Amino acid sequence: MAKNVFRKHTENTSTQTSAEDVQDDPSDKKVKKNIFDFFKDPRLHLIFGLFFIFSSVFITFSLISYLFTGNADQSVVEALFTTSATESGRETENWLGLVGAIVSHYLIFKGFGIASLFFMPLLFVYGVKIVFQKEIYPARKLLNHTLFLATWVSMVFGYLTFLTAQEQAIGFLGGGIGYELSILVDNYLGIGTFLMLGFAFIVYLIFSLDITTLATKKTKIKPEEEDKKTLFDIHGDDTDDSTDEQSEQLIVDNNIPKNVEEWSILPKPANITSPDNLELTIENENRINERPSPFSEPEPSKPELEKSFESVTADLEPYDPKLDLSGYKYPEISLLKDYGEQKNYVVTKDELEENKNNIVKTLSDFSIGITSIKATIGPTVTLYEIVPDAGIKISKIANLSDDIALRLSALGVRIIAPMPGKGTIGIEVPNKNKQMVSAREALMDERFTNNKMELPIVFGKTISNDVFIEDLAKMPHLLMAGATGMGKSVGINMLLTSLLFKKHPSELKIVMVDPKKVELSLYNKIERHFLAKLPDSEEAILTDTKKVIHTLNSLCIEMDTRYSLLKDAGCRNLKEYNPKFVSRRLNPEEGHRFLPYIVVVIDELADLMITAGKEIETPIARLAQLARAVGIHLVLATQRPSVAVITGLIKANFPARLSFRVTSKIDSKIILDEGGADQLIGKGDMLLKLNADTIRLQCAFVDTPEVEALADFIGHQRGYSTAYQLPEFFDENADPTVKDVDLANRDPKFEEAAKLVVAFQQGSTSLIQRKLSLGFARSGRIMDQLEAAGVVGPPNGSKVREVMVRDENSLNDLLAGI
């Protein structure tokens, strides 16, 4: 023990001393930094990837050769340490020489036997992934298959070798590992080892093929019938005391929606003075306390995408935009968390009765009589609709929200006077126990899985407990606001989740702007599937203000290009253009192509407006005014909807407004043009103004782990080689000179690029990038050097640069003088 203590003390002392030395000597830090930089070098990664590819080929041939030469080479390998390598190399018969004999001997004879061949595709796939940045097959999934099959096959052949005692003849099939494992298992199970191996293979098939049942027929669970509406009759008459003893009467109306409770109050000759004079008759009390589970309905099948194209010519098959990613799998509902039935969510009879009495009492205190009251129970609020007596001013009731909230001890009461399309006045009262609307429940709704919308978005549930779905393509842009912690980020995630569940990568591209740098970072994994960016941008999710300005202006160029294509095709919008291209009535050689929808999501508009102002406002206004027809739609979100952020130019082009709880009535009027958003209760409670109607919704909740699982599911699938490339944008206000370019330090590819540009007579960065297999940043530097040398002219907006040299002889003369 004393030695151990002394050893620990010595180690601690030496550790502290070394730490002090490192701290005092800055040169060690530079050495460590250089070492780490070396391992981060992409050239080193490329070398490793090529090594994996060539090793897989090398080892495969050596293993195959072992099947024919293994017996002859075994003695050579075992005597390797007693003879010279030169002599051993002459005696080996393996196709790949001494190294091949050694590798194959240890992999087959000492290792997994013939099953060692399973590791070669894994090595090859990892090499291709590193070198070409393409995933032939999911590497992690292939690793799982390889480990199981190699072990299982090795054990099968090893056990056969053990039972037949033919070690010399077939021992190499199972290898040393399979033989030893089979002996170990046989000691415990005996001949039952075959049963264990069979069971293990069945389990492997179940997980590999995703088998959930062996039944031939599937029984479908019939959805429960809608609850019937219960009417509560309340009779108030000062001259008849018998009204205190009313018998229960059940009134059934199949045309009335579920989750509705109604009290009918007969007209009174005088104003109501006390709720005690009104007796509540309740039928079907179980209707109030017991709510049907939203998860009782069967899980929907995968989304069926609409294919409504025009007739195709007889000799040509229609173009399929999904062909590049034909194996793409849509996200499964199992990726989202199942919260089950929320038993603690109960709207009781006592709560409804108490709220009714308080509302009636408050109104009677201000000499306001009512003839009827009806309650509609929602996930977070209950809507009480009242019909006032004749002669009562609506404005008199509209000003009583604070008084009713005080009487109900509620967080906030919102009065809708009058309710659009109804002869009633609405009073929205928060429930004591609020229900969470899960994303899984909302996306399982039949109206979402079977809809035919272009860009379907699930917002959440209405007061009547119906899932609310809207088409972003018809909105056509969305303006969101909400104070910190009120659910704005969850709303953005739910919007993106809805689109990712429904659309194929070829049909949708998303531009994400996240000035806070953390809200949308999880979507980096789907860059090669759904995201769009500038060609010279390293990150697909924009965080730098300058990059955001360039991207928005690039989208304006994309918009103008799309309008030109629509004009040439004789189409009015994207919904007419794409079917025409799919039916091959548009010539790709004339520039026509399949145009995906582009959704631009800006998480915090206020930060961009503060730092950029007009540079941000101008392209946003252009896109909001014109981009609808060509399939570009905007979703802007901000924490504080002030007039400095949501300017009149932006606001006028966003008819769809969504507001979570805000801090003041002024903010509510700015975002919605009306009050009410300041009286929301938070946690996803929101108001959506659409087509002059204001709808109260409870936002569906999607948690961060669910978003991460969704991004992983998509990101692990095969995607495009890169993100969707937006047009190049050149800042006209930037200094067009290239005085900082040093022609003395020209790129090694400079002359080759110059000859390429002169040969094609096209000064394009993308041409250099494509023909010379260079990165965009390096191609851009070469283009600056070509401009400084006089080979090409200055940038010309979205067009290619002018080539100043007409032939190769003139180019040689020009280069000789540099």
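As a reminder, the structure under discussion sits directly above these lines.
Cut-offs applied
- Residues numbered from 1 in each chain as written.
- Predicted model: local features only at pLDDT ≥ 70, side-chain atom pairs only at ≥ 80, totals over all residues.
- Heavy atoms only, no water.
- Axes fitted to C-alpha atoms, helices over the stretch in contact; angles between N-to-C directions.
- Helix = DSSP H or I, 4+ residues; strand = E, 2+ residues; numbered from the N terminus.
- Parallel < 35°, antiparallel > 145°, perpendicular 65-115°, else oblique.
- Left-handed = near helix turned anticlockwise from the far one by under 90°.
- Contact = heavy atoms within 4.5 Å.
- Nonpolar A, V, L, I, M, F, W, Y, C, P; charged D, E, K, R; others polar.
- Phe/Tyr/Trp six-rings, centres within 6.5 Å; stacked < 30°, edge-to-face > 60°.
- Buried < 20%, exposed > 50% of the residue type's maximum accessible area, 1.4 Å probe, protein only.
- Lys NZ or Arg CZ within 6 Å of the ring centre and 35° of its normal.
- Expected span 1.5 Å × (residues − 1).
- Arc of directions from axis to C-beta.
- 1 Å grid on protein atoms, 1.4 Å probe; cavity = no way out; pocket = protein on both sides within 12 Å on 5 of 7 lines; lining within 4 Å.
- Points joined across faces, edges and corners; volume = space filled by probe spheres on them.
- Salt bridge = Lys/Arg side-chain N within 4 Å of Asp/Glu carboxyl O.
- Core = buried A, V, L, I, M, F, W, Y, C linked by side-chain atoms within 4.5 Å.

A. Spotlight on the packing of helix α7 (residues 139-164) against helix α9 (residues 193-209). Viewed as axis vectors pointing N to C, α7 and α9 meet at an angle of 160°, and their least axial separation amounts to 11 Å. The orientation of α7 with respect to α9, classified from their angle, is roughly antiparallel. Every pair of crossing elements has a handedness; the one defined by α7 and α9 is left-handed. Facing α7, whose interface residues are His-145, Phe-148, Leu-149, Trp-152, Met-155, Val-156, Tyr-159, Leu-160 and Leu-163, α9 presents Thr-193, Phe-194, Met-196, Leu-197, Ala-200, Phe-201, Tyr-204 and Ser-208. Of the residues belonging to the contact of α7 with α9, the class tally is 14 nonpolar, three polar and no charged.

B. Structural detail: the packing of aromatic side chains. In the structure shown here, the tally under the stated rule is 12 aromatic pairs. Both rings, one in Phe-68 and one in Trp-95, keep their centres 6.1 Å apart while their planes meet at 20°; by these two values the pair is stacked. Of the two residues, Phe-68 sits in helix α3 (residues 42-78) while Trp-95 sits in the loop between α4 (85-91) and α5 (97-112), which places them 27 residues apart along the sequence. Assigned by exposure class, Phe-68 and Trp-95 land together as exposed. Put simply, the rings of Phe-148, Trp-152, Phe-201 and Tyr-204 touch in pairs and so form one group of aromatic residues. The ring of Phe-448 is capped by Lys-502, whose NZ or CZ atom sits 5.6 Å from the centre of that ring.

C. Expanded view of the side chain of Asp-603. For Asp-603, the position within the fold is in the loop between β13 (597-602) and α20 (605-611). Residue classification places Asp-603 among the buried residues on the basis of a relative accessible area of 1%. Beyond its immediate sequence surroundings of up to four residues, Asp-603 is in contact with Lys-488, Ile-492, Val-513, Asp-514, Lys-516, Glu-519, Leu-520, Ala-637 and Thr-638.

D. Up close: α9. With 17 residues, α9 extends 24 Å between its outermost C-alpha atoms, agreeing within 8% with the 24 Å of an ideal straight helix rising 1.5 Å per residue. Within α9 the residues assigned to the buried category are Thr-193, Leu-197 and Tyr-204. Burial along α9 is one-sided: seen end-on, the buried residues are contained in an arc of 40°. Projecting away from the buried face of α9 at angles above 90 degrees are the exposed residues Leu-195, Phe-199 and Leu-209. Taken from the residues just after α9, Asp-210 is the one with a positive phi, measuring 55°.

E. View of helix α23 (residues 665-672). Of all the residues in α23, the buried ones are Asp-667, Ser-668, Ile-670, Ile-671 and Leu-672. For α23, the arc enclosing every buried residue in end-on projection is 165°, short of the 170-degree limit, so these residues lie on one face. Of the exposed residues in α23, those oriented more than 90 degrees away from the buried face are Lys-665, Ile-666 and Lys-669.

F. Structural context of empty space enclosed by the protein. According to the stated counting rule, one finds two cavities of 30 Å³ or more in the structure shown. Roughly 60 Å³ of internal volume is contained in the largest cavity. Around the largest cavity sit Ile-457, Val-458, Phe-459, Leu-478, Met-480, Gly-491, Met-494, Leu-495, Leu-658, Met-686 and Cys-699, which together line it. Of all the elements in the fold, those that place two or more residues in the lining of the largest cavity are β7 (456-462), β9 (478-481) and α16 (488-502). Of the residues belonging to the lining of the largest cavity, the class tally is 10 nonpolar, one polar and no charged. As for the second largest cavity, its lining consists of Pro-379, Thr-380, Val-381, Lys-461, Thr-462, Ile-463, Asp-685, Arg-696, Leu-697 and Gln-698. Listing elements by their share of the lining of the second largest cavity, those giving two or more residues are β7 and β17 (693-699). At three residues, the largest contribution of residues to the lining of the second largest cavity is made by β17. Considered class by class, the residues forming the lining of the second largest cavity number four nonpolar, three polar and three charged.

G. Representation of the pattern of salt bridges in the model. In the structure shown here, the tally under the stated rule is 31 salt bridges. Salt-bridge contacts for Glu-428 lead to Arg-414; the nearest nitrogen and oxygen are separated by 3.0 Å. You can see Glu-428 sitting in strand β6 (residues 425-430) and its partner Arg-414 sitting in strand β5 (residues 414-416), a full 14 residues away along the chain. In this pair, the class of Glu-428 matches that of Arg-414, namely buried. The network of salt bridges with common partners includes Arg-414, Glu-428, Asp-685 and Arg-696.

H. Representation of the nonpolar core. Of all hydrophobic cores here, the largest spans 115 residues; its most connected members are Phe-459, Leu-478, Leu-496, Tyr-523, Val-600, Ile-616 and Ile-620. Sort the elements by how many residues they give to this core and helix α18 (residues 545-569) lands first, with nine residues. Discounting residues that sit within four places of it in the chain, Ile-620 has contacts with Leu-552, Ile-602, Leu-605, Leu-634, Leu-636 and Ile-650.

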